[in-house]
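# Summary of the model geometry
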Amino acid sequence: MNTSKKQPVTLKDLNYKLIEEAKRIVKIKEDGAVKFVSKKANLVGNSTLLFKNKNGENITISLRLNKDGNLRLAYESRFSNL
């Protein structure tokens, strides 16, 4: 019988992953982000990271956990023009 040996992701693990992702984004200045402001972790839905750019404008990045427990960008239908 195939059983998964992966442990479910806890809120503490998710917080760690979000902080590491925020550090990576600020380090490479992805999307113009220069300062990490806050995070909101959610195990079931979208987690958000809030950054500021050089002009002081807010940049929000939404992430989700995939079935393997890794972070991925969240897809929201309101951003598509289909």
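The structure under discussion appears in the preceding block.
Residues numbered from 1 in each chain as written. Predicted model: local features only at pLDDT ≥ 70, side-chain atom pairs only at ≥ 80, totals over all residues. Heavy atoms only, no water.

Looking now at the sheet that holds strand E4 (residues 71–73). Strands sit in the order E1-E2-E3-E4 across an open sheet of four strands; the sheet is antiparallel. Sheet topology places strand E1 (35–40) and E4 at the edges, where each strand pairs with a single neighbour. When the angles between neighbouring strand axes are averaged without regard to direction, this sheet yields 30 degrees. Direction of pairing for strand E2 (residues 47–52) relative to strand E3 (residues 58–65): antiparallel, over a ladder of six bridges. The residue of E3 that forms the bridge with Lys-52 is Asn-58. Across the sheet, helix H1 (residues 11–28) touches E1, E2, E3 and E4, and the angle it forms with E2 is around 30 degrees. (Pairing = 2+ DSSP bridges. Helix = DSSP H or I, 4+ residues; strand = E, 2+ residues; numbered from the N terminus. Axes fitted to C-alpha atoms, helices over the stretch in contact; angles between N-to-C directions. Contact = heavy atoms within 4.5 Å.)

A separate point is the nonpolar core. Within the largest apolar cluster, 10 residues are counted, these being Leu-14, Leu-18, Ala-22, Ile-25, Ala-33, Leu-49, Phe-51, Ile-59, Ile-61 and Leu-63. Elements with a minimum of two residues in this core: H1, E2 and E3. The greatest single-element share of this core, amounting to four residues, is contributed by H1. Dropping the residues within four chain positions of it, Leu-18 is found in contact with Lys-39, Lys-40, Ala-41, Ser-47, Leu-49, Leu-63 and Leu-71. (Core = buried A, V, L, I, M, F, W, Y, C linked by side-chain atoms within 4.5 Å. Buried < 20%, exposed > 50% of the residue type's maximum accessible area, 1.4 Å probe, protein only.)

Tallied over the entire structure, the rule returns one aromatic pair. When the ring of Phe-36 is compared with that of Phe-51, the centres are 5.6 Å apart and the planes differ by 55 degrees; the resulting orientation is tilted. Taken as a pair, Phe-36 in strand E1 and Phe-51 in strand E2 lie far apart in primary sequence, 15 residues in all. A relative accessible area of 0% places Phe-51 in the buried class. (Phe/Tyr/Trp six-rings, centres within 6.5 Å; stacked < 30°, edge-to-face > 60°.)

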